[in-house]
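Tertiary structure, described
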Amino acid sequence: MAIQFLYLLSRQGKVRLSKWYQTNSQKEKAKITRELSTLILSRRPKMCNVIEYRDIKIIYKRYASLFFIIGIDSEDNELIGLEIIHRFVEQMDRFFGNVCELDIIFGFEKAYHILDELLIDGYIQESSKKEILRRIGQQDELENLDEFDNILS
Amino acid sequence: MASFQLQNSEVLARLKPFGISFEKSLSDLIKGIRSHSKESPESLSSFLDVAIQECKNELTTTDLETKAMAVLKLSYLEMYGFDMSWCNFQILEVMSSSKFQQKRIGYLAAIQSFKNEQDLLILTTNQFKKDLNSHNHVEIGLALSGIATIVTPNLSKDINDDVIMKLNHSKPYIRKKAILAMYKIFLQFPESLRANFNRIIEKLDDTDVSVVSATLNVICEISKKNPNIFINYLPKFFSILEETKNNWLIIRILKLFQSLSKVEPRMKKKILPTIIDLMLRTQASSLIYECINCIVNGQMLSPESFKDKETAKLCIKQIMEFFKTKDSNLKFVGLIALINVLKIFPIFIHQVEGVAEVVTDCINDPDLIIKRKSLEICHFLVTEDNIVEVVKILLVQLIPTDGNQVPESLKQEVMLKILAIASQDNYSNIPNFKWYIAVLKDIINLTLLPLPSSSNTSAISYATANFIAGEVGQEFKNLATKVPSIRADILHRVIVDSVKNPRVLEICPTLLKDFYWIMGEYIDELKGDPVDSENNEIEEGDSNTSIADLGKKVQIFNTLVNHKIDKSLNLSVNLRFPISNKLINLNDHDVLMVLIQALVKLFSGIVSDYSEYYSKNGALPIDKYNEVAHFLYKLVEFLNNWENSVNYEVQERALSWLEFLKLSLEAMTDNDYSAIKALESDEIEFYRNFVDDSNENEDSDIDESDDEEVEDSESEDEVDSVPENIREHDEEYDSLESSSDEVESEVLARVNVSDNGIEENPFATNEEEPTFFSETNSKELVLPVLLSHVLPSFFKSYQLNPIAKNSQRKIAVPLDLDLDTPINSNNYSSLDETEEETESEYNLFLADQLEIIQTSTENISNEGDTSVRKKQERLERLKDDPYYLTSTNGDKKGKGRGRKSLLIDDSKDSSVDTFSERTSISSSLNNQTIKKKKKPLKIKKDKVVILAEETIGGDFDNEEELKVKATTKKRNALKIDSSNLDNFDLESSSLAEDDSTFNGKDFEYNIDLEELRKNLAEASKKAKEKEEKKKKMKKKLSSSKESTSKTKSKTKTESSDVGHFPTADDIVVDSNLPESDNKVVTVVKSKKTKKKAKAAIIE
């Protein structure tokens, strides 16, 4: 189950988060993003969430105003792809508390951190829901300690 | 100091009053972008430019906090497509910060931005090492995440040991990350897998389930490339599967089994019951789906086995549950699973209840993705009984629904599918070919020729139109050749209309390429009117149908050829012959090529009709004779247009026909065109009147359709007129005697032509008095042999039979065929030769000159040039020149002998034998009729002869398959690059397979292991060699050197089968086999594999 890339797309077609797990030139990335955006934004809600694109599969899912889009190998389990997206959303929801698009825009680095704990270079590293947030909490604590040091010094 | 986090806004607020923060914070940037993007794109881009410039400035400061801030901002901007690799060194600086906050930003930016930057990675390596050995496990985790993303071959070599150490870290969090990072290292540095294989396997016994899960993840990924090395651990995987309740883990194991089962079919017996049990027990549809995938893709189903059939049925039952949920995603994955099962058991589409309905439902699905997928299997749906319905459903897909256009690609797919369905098993499912023709016409109307009235249908793109036209045209061609009984139908219902419809030419000339061909080839089938009597608009007596056919041919001919008429009528709009005019300017050379051939065939058809209907004792009455001459004249005129075509093939065809036709024309008229001119002016006059009439009748607003109507009415006139005249003629002719002397009659004819020709008009309407002919048509002329015999012989000598694809390639090259030696070795002088006259004296004189040329160019010393010798030489040169007829007896003999020997050789030749076999087969097949078994309700099945394709020998597909295999290897930019592992693993595994099949032993455990060891040893050897090569010399090795080193290494591997490569032993620790037994075998094998390995390296 290798995820090739993940990105978040607003309904207006703006990228809100993008993560590429393989080396692509900026130009190539932009091209893929553009092509997929037009494809996905034109799809209607009741349609299926899997698109065959080049020789990979694109799984997307809409949560509120955001499309979560991942690319997976064609032989991978599409339902698991959906599950991963859901897991990511769930984690963010817990972390931010009722997550909305603005949370992700302003707290984008937090979103990245959560993603990095969920996936490591495209592979699921943690399927436990609690574990990820615990790790993020730990890291934030460490950060805040630094912050505290800053203020004190 | 600035802080940038929302969560720390309080801290930030407290600091602000001290005026410490000068830089724009991240939230300022984001807010700025948001406000500017509302204004205009220009202001946004200028704002972003400023922001990036600010970041650049901030990066130059010494303050790490500011730098981290700038890096964070840049990684936000990276989302907007700005490259940030230019600040990689600053990122590295931030990474190395002692503060975790900054380090975290550094790593985040590094993961987003670092891409294979070699110089940078030397520095990164140290940073990674430092962080990996940090006392804080959070930092270690951060480093491992970074390594997994950034890893390169060099980095992986350097960092390998440090990561391995982390596999035994006390915290499962680190162990889990380490093992996943190891996979990335394996990809870049396969050597490590060999060395650390056991460490990975060990992790399967880890106490923490997430570590086990991660390990299985890694194993699963590796097994996709090389399943063989994990087969021994099957029991281990199996026990994990039975113990765990974690669906993520179970799915991963199933994925692993899927890869393993492909190389170890015997495991099916053990795991299949468990999988089925799992599938039936679980509620999670993702797991059910994975179970089905595992069973189907793991090749656990064989079409023969009864047990497997039951399993497949069970799977289909589960899949059917997916469709009941109405969830489109489940529908999609269900469809995919269904497709996979049905590919193995196509019969289930009808045997299991509901499957056919589901597939039909999917074809009708508004979601294009599901629709497309279902098209893949709709051909399984087709039986003799329901083909009409299935095709109807497919056709409906071409109709745009409520304003939604049908995408062009879908049009193509649907079209191809319909053709595929119909032509399945050599058209055996088609109930009625008239129906099929109607379907094909529908396809054309729905795709290529949308009705001009329906405005919402936009014109199809040129490429797609061409593609569809090519395919449909091909299909018509196939039908015409394969189904003799339908030819007349095709001609009447499709070809004639299309050829006479200027829109077809406008929109997709490609379609006409095949249509012209059919028209030309089967013009003689244009007999009678197969259209049912109720549709029959042209009411005629039976006796006249044959002559009506001639009228049709003439009409088509005129439609194509008469462009000059418009010119002489000075028409610029409302052309009488729009098609002919367009053809002249047509730029589609492929079509023109066919058109030229087809026109000549059409003309040939007209000529033969004339001689059939009007000739008396082989001679034509003078007026008919002149008509033929007129047609010929028009054809010559028309073909003249391409005399100078830029396209070689068009020019060539036009010219070669022109030569022949001009010759025929000469033979017919003897350069006296008066009769033709007369006919021509008559014709022009006729159309002038016609145009005037139509203008009067229909005012100025005559559009295309009206024009067509006019044409139609005109055609009726024509058709009506011709036969009536002819009937009269026939009566007259009966009483007439044909003149015996051809020459006399010809002379007489020429005299008469000038008188009679003026009044004569083939297109004259009924006003023409029939009595007129009785006086004038007393003369009859015989058509020249060129037209009456030679021309038809071009086209009708052999019957055209369908031939299977590629069968031509199977025809053996005749043994006596020598393509190397030139036929005419004296080619160089042919130019001079043509200038040369045949007179001998002149020849003598020229011979000197010729000699000079020869000697100067070829340096042939020519001594003793006597005229006799020259003559002989000349004869020698001319022997093979087709423009010279040799008169000497000796030559004739030689030729005769040559031909004879050719014949003898032919009969000996095997290819000819097979050919005769072929024809006999085909002729027997010709007689074979397709028998109907059931009577379909709607459309009666016709008894139709369908010609089978001729083939030679058996499996002609092989070559194609090979080709397909060769082309399937494609590179994909999106795929994670695992080519390293790919090469390394695939090679060894494929070799193992080769050998095992070679020895006739199917995947015996011990053999496998032995070979595995062997292969791994070799692979490691190779890898080492490669490295050495890299170090020592630059890439290019002379092949001789390589081969010697190869032989050396070969002996090494043989001698050090076990001892020399501990790595190989490590991997197969579990095995304790008698090695001496196998050794003999393996030595032989290694020779073989070595050869292959060499080839791989050279590649």
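First things first, this report covers the structure right here in the doc. (Residues numbered from 1 in each chain as written. Chains lettered and ligands numbered in written order. Predicted model: local features only at pLDDT ≥ 70, side-chain atom pairs only at ≥ 80, totals over all residues. Heavy atoms only, no water.)

Another aspect to go through is the nonpolar core. All names here are of chain B. Formed by 314 residues in total, the largest nonpolar core has its most connected members in Phe237, Tyr436, Tyr516 and Leu560. Among the elements that line this core, the one with the most residues is helix H33 (residues 589-614), at 16 residues. Residues in contact with Leu560, not counting those within four places in the same chain, are Val499, Tyr516, Met519, Ile579, Ser580, Leu583, Leu595, Leu599, Leu602 and Phe638. Counting residues in hydrophobic clusters, the runner-up holds 7 residues, among them Leu569, Phe686, Tyr687 and Phe690. (Core = buried A, V, L, I, M, F, W, Y, C linked by side-chain atoms within 4.5 Å. Buried < 20%, exposed > 50% of the residue type's maximum accessible area, 1.4 Å probe, protein only. Helix = DSSP H or I, 4+ residues; strand = E, 2+ residues; numbered from the N terminus. Contact = heavy atoms within 4.5 Å.)

Turning next to helix H13 (residues 234-243) of chain B. Residue and element names in this part refer to chain B. Considered for burial, the residues of H13 that qualify are Leu234, Phe237, Phe238, Ile240 and Leu241. Across the axial projection of H13, the buried residues extend over an arc of 160 degrees, all falling on one side. Along H13, the residues that are exposed and aim more than 90 degrees away from the buried face are Pro235, Glu242 and Glu243. Of the surrounding secondary structure, the elements contacted by the buried residues of H13 are helix H12 (209-225), helix H14 (247-263) and helix H15 (268-281). (Arc of directions from axis to C-beta.)

Here we take up the environment of Ser213 of chain B. All names here are of chain B. Along the polypeptide, Ser213 turns up in helix H12. Here Ser213 falls in the buried class, since its relative accessible area comes to 6%. Setting aside its immediate chain neighbours within four residues, Ser213 contacts Leu249 and Arg252.

A few words now on the pattern of salt bridges. Using the criterion set out here, one finds 53 salt bridges over all chains in the structure. In this structure, Arg104 of chain B and Glu143 of chain A form a salt bridge, with 2.9 Å as the shortest nitrogen-oxygen distance. Here the residue Arg104 of chain B occupies a position in helix H6 (residues 100-113), and Glu143 of chain A occupies one in helix H5 (residues 129-152), the pair thus bridging two chains. Taking the shortest distance from any N to any O, the salt bridge between Lys73 of chain B and Glu58 of chain B comes out at 3.2 Å. Here the residue Lys73 of chain B occupies a position in helix H4 (residues 64-78), and Glu58 of chain B occupies one in helix H3 (residues 41-60), the gap between them amounting to 15 residues. Among the residues examined, Glu58 of chain B registers a relative accessible area of 8% and is labelled buried. Through salt bridges that share partners, Glu28, Lys31, Glu35 and Arg54 of chain A make up one connected network. (Salt bridge = Lys/Arg side-chain N within 4 Å of Asp/Glu carboxyl O.)

Contacts between chain A and chain B engage 75 residues on the former and 74 residues on the latter. Together, the buried faces of chain A and chain B total about 6,800 Å²; carbon and sulfur atoms form 56% of this surface. On the chain A side of the interface with chain B, the three residues burying the most area are Leu79, Phe106 and Tyr123 of chain A, jointly 10% of the side's total. Where chain A touches chain B, the interface holds 9 salt bridges. Viewed at the interface, chain B and chain A are joined by 24 residue pairs in polar contact (both at pLDDT 80 or more). Looking at the side of chain A that touches chain B, the element that brings in the most residues is H5 of chain A, giving 13 residues. Broken down by class, the residue content of the side of chain A that touches chain B amounts to 30 nonpolar, 15 polar and 30 charged. (Buried area = accessible area lost by both parts, 1.4 Å probe. Polar contact = N/O pair within 3.5 Å; in protein donor to acceptor, adjacent residues only side chain to side chain. Nonpolar A, V, L, I, M, F, W, Y, C, P; charged D, E, K, R; others polar.)

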